[in-house]
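Structural description and commentary
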Amino acid sequence: MAGRRWTTAIAGPLFALIIAVSPARADQHLVPSSDFVRSLADRAISTLTAEGQSSEMRREQFRGLFREGFAVNGIARFVLGRYWRRASEADRTEYMALFEDVIVNTWADRFSEYSGEKFEVQKAFDAPSAHQAERVAIVRSMFFIDPQTPVRIDWRVASRGDIYKITDVSVEGISMANTQRDEFSSVIRSNRGDISALLEILRKKRDG
Amino acid sequence: MPLFKRGCGHFFGIVLLAGVLTACATTPNSDPGSPADEVSANDPLELPNRFIFAFNVGLDQLVLQPAAVTYRDLMPDELKVPIRNLITNLFMPLSFLHAMLQGDFDRAEQAASRFFASAPALFLSNPDPGRTPVYEDAGQTFAVWGASAGPYIMLPVLGPSNLRDTAGTIIDFFIDPLGIVAGSEATIGRGISSAVLQRSRNIEQVRDLQRNSVDYYAAVRSLYGQRREAEIKNGDLEPTRAAPTIGLELDAAPAPKQSSDATKQ
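The helix and strand tally for chain B stands at 12 helices and two strands. The order of α-helices and β-strands along chain B, N terminus first, is α-α-α-α-α-β-β-α-α-α-α-α-α-α. When burial is assessed residue by residue, chain B has 39% of its 265 residues classed as buried. Of the roughly 14300 Å² of accessible surface on chain B, 68% is carried by carbon and sulfur atoms.

Time to look at the overall build of chain A. When helices and strands are counted, chain A shows eight helices and five strands. Scanning chain A from its N terminus toward the C terminus, one meets helices and strands in the order α-α-α-α-α-α-β-β-β-β-β-α-α. Every one of the 208 residues in chain A was classed for burial, and the buried ones make up 45%. Excluding contacts between residues fewer than 6 apart, the proportion of contacts in chain A whose partners are at least 24 apart in sequence is 53%. As displayed, chain A offers around 10900 Å² of accessible surface, 57% of which is attributable to carbon and sulfur atoms.

Once that is clear, we can look at the interface of chain A and chain B. Contact with chain A, which involves 56 residues of that partner, is made by 45 residues of chain B. The junction of chain A with chain B conceals about 4200 Å² of combined surface from both sides, 49% of it contributed by carbon and sulfur atoms. Inspection of the region where chain A meets chain B yields one salt bridge. Summed over the shared surface of chain A and chain B, the number is 10 residue pairs in polar contact (both at pLDDT 80 or more). With 11 residues, helix α7 (residues 176–190) of chain A is the largest single contributor of residues to the side of chain A that touches chain B. Looking at the side of chain A that touches chain B residue by residue, the class counts come to 18 nonpolar, 16 polar and 22 charged.

On to the confidence of the model for chain B. Detail in the predicted coordinates should be disregarded across regions flagged by low pLDDT. Residues and elements named next belong to chain B. Within chain B, residue pLDDT values average 81, and 75% of them lie at 70 or more. Note on residues 256–265: pLDDT under 50 across the span, and 15 contacts to partners over four residues away in sequence or across chains. Quick note on the complex model: pTM equals 0.80, ipTM equals 0.82.

So, on to helix α3 (residues 77–101) of chain B. All names here are of chain B. Its 25 residues place the ends of α3 37 Å apart at the C-alpha level, agreeing with the 36 Å of an ideal helix rising 1.5 Å per residue. By the largest-angle criterion, proline 93 marks the main kink of α3, which is about 35°. Glycine 103 sits one or two residues past α3 and shows a positive phi near 75°.

Quick look at the sheet that holds strand β5 (residues 174–175) of chain A now. All names here are of chain A. Ordered by their spatial adjacency, five strands build an open sheet running β1-β2-β3-β4-β5, and the pairing between neighbours is antiparallel. Unpaired on one side and paired on the other, β1 (118–127) and β5 mark the two borders of the sheet. As judged from the nine bridges shared by strand β2 (residues 135–144) and strand β3 (residues 151–160), these two strands associate in the antiparallel manner. Within β3, the position partnered with arginine 140 by the bridge is aspartate 154.

All right, on to the side chain of threonine 179 of chain A then. Looking at the element boundaries, threonine 179 of chain A is found in helix α7. On the basis of relative accessibility, which here comes to 7%, the residue threonine 179 of chain A falls in the buried class. Side chain to side chain, threonine 179 of chain A and glutamine 226 of chain B meet in a polar contact 2.9 Å long. Setting aside residues up to four positions removed in sequence, threonine 179 of chain A forms contacts with Ile174 of chain A together with Ala219, Ser222, Leu223 and Gln226 of chain B.

Next up on the list: the packing of helix α2 (residues 46–74) of chain B against helix α10 (residues 216–232) of chain B. Residue and element names in this part refer to chain B. Relative to each other, α2 and α10 sit at 95°, their axes nearing to 11 Å. By the angle between their directions, the pair α2 and α10 is classed as roughly perpendicular. The segment α2 lies against α10, with Glu46, Asn49, Arg50, Phe53 and Val57 engaging Tyr216, Tyr217, Val220 and Arg221. A class-by-class count of the residues in the contact of α2 with α10 yields five nonpolar, one polar and three charged.

Residues and elements named next belong to chain A. Between α7 and helix α8 (residues 196–207), the shortest axis-to-axis distance is 8 Å and the interhelical angle comes to 125°. When the axis of α7 is compared with that of α8, the two are oblique. Between α7 and α8, the contacting residues are Phe184, Val187 and Ile188 on the first element and Ala197, Leu198, Ile201 and Leu202 on the second. For the contact of α7 with α8, the class distribution of residues is seven nonpolar, no polar and no charged.

Here we take up the side chain of aspartate 101 of chain A. All names here are of chain A. Position of aspartate 101 among the secondary structure elements: in helix α6 (residues 89–111). Here arginine 63 takes part through its side chain, which lies 2.9 Å from a polar atom of the side chain of aspartate 101. With residues near it in sequence (within four places) discarded, aspartate 101 still touches Arg63 and Arg206.

About the thresholds
Residues numbered from 1 in each chain as written. Chains lettered and ligands numbered in written order. Predicted model: local features only at pLDDT ≥ 70, side-chain atom pairs only at ≥ 80, totals over all residues. Heavy atoms only, no water. Helix = DSSP H or I, 4+ residues; strand = E, 2+ residues; numbered from the N terminus. Buried < 20%, exposed > 50% of the residue type's maximum accessible area, 1.4 Å probe, protein only. Areas by Shrake-Rupley, 256 points an atom, 1.4 Å probe, with all protein chains shown as cover. Contact = heavy atoms within 4.5 Å. Buried area = accessible area lost by both parts, 1.4 Å probe. Salt bridge = Lys/Arg side-chain N within 4 Å of Asp/Glu carboxyl O. Polar contact = N/O pair within 3.5 Å; in protein donor to acceptor, adjacent residues only side chain to side chain. Nonpolar A, V, L, I, M, F, W, Y, C, P; charged D, E, K, R; others polar. pLDDT = per-residue confidence, 0-100. Expected span 1.5 Å × (residues − 1). Bend = angle between axes of the 7 residues up to and from the residue. Pairing = 2+ DSSP bridges. Axes fitted to C-alpha atoms, helices over the stretch in contact; angles between N-to-C directions. Parallel < 35°, antiparallel > 145°, perpendicular 65-115°, else oblique.

In structure tokens:
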């Protein structure tokens, strides 16, 4: 009798716990994904907009945050599309370095123009993932460049275990990765599939 | 109601024309040789398009951008809000019509209530700041009805478009309630004002895009296509175009060796 009472006593709460936990499991990456974006944005704003920084310092700080928060290699390879497979080992290595440099320079300089506009993470949605072991969340945020018409920014966050990385950023539904991919493939196509023309443009962008 | 009759006559003529145009647009245009992950730009007119684009960029630098800068710098901020509200609210009848045609009654109601609630203040007010304006047009309606975008077209002066949206622009010129009630001068005036307003809010962004893109023409083409998709989906999360398949696996995977890869191709 005592044994049976014990089982009912434990089964009830256990059952309740399973009910409570199982639906939460499906989206347990959503809150950490939102926190991840929020903390990355806060750190970017506080470090990159600090007074009296040279543009070199700002760029190196941005590079650190970019590598930490973004799936840089994955983005770079996606953006090159099918031309990645055709590229030589040397071209791939140079492309990876150039891609990161150009993004770092562009965005670090953009941050220098930031002047305290409000940024607000609102909520996260579950999104289908191409990989079984990974979860994808879309973290929706608003950037109040103009208080009347805020800009909607969606962050695509892939996660596996404790690792969280941003794989794409969409501004008002426009994906940065897709835009960059379209641009790069246009340049390569107009040079008959030769990646060296793109590398030349990226070199100029990095040095200019 | 002679005005209404005139609008209706045009409407049916144009619907016929649009049917022909969008039928052309929906013919499959996929290249069987291209990999599935590559979205083709569908730009068979790229050479003339690039030529017209160069003309449009010149026109923008000479006319639209100076007008936009003048507006931004000289118009008092107190007047900018009512001006923007007026232009926005004058788009609502057309948005209402197209939301109805798309069967989206929520958005139709939203467009109508924004329009009528602002009427007592001569359409200069935004009745409910929490209520965002609704923008619907014939191109979006055709997309909801199942027409695909068709080839990309760079229109002189009017800018980026595609076959479906060009047909939509022509139709909207005739069926716009504002045009039917107040004449085509009103729709043209609204179009020009709206262009200056939009441009005045994007001066830095356009400059940034011109400076930082590796192919400005391709960037604009990509942005146009994606923006239209977002507008058709009304900001829903499900993307019509495959979302980037960037995963951590791809990020962490070592670069495959060229030799082993070459055997696959």
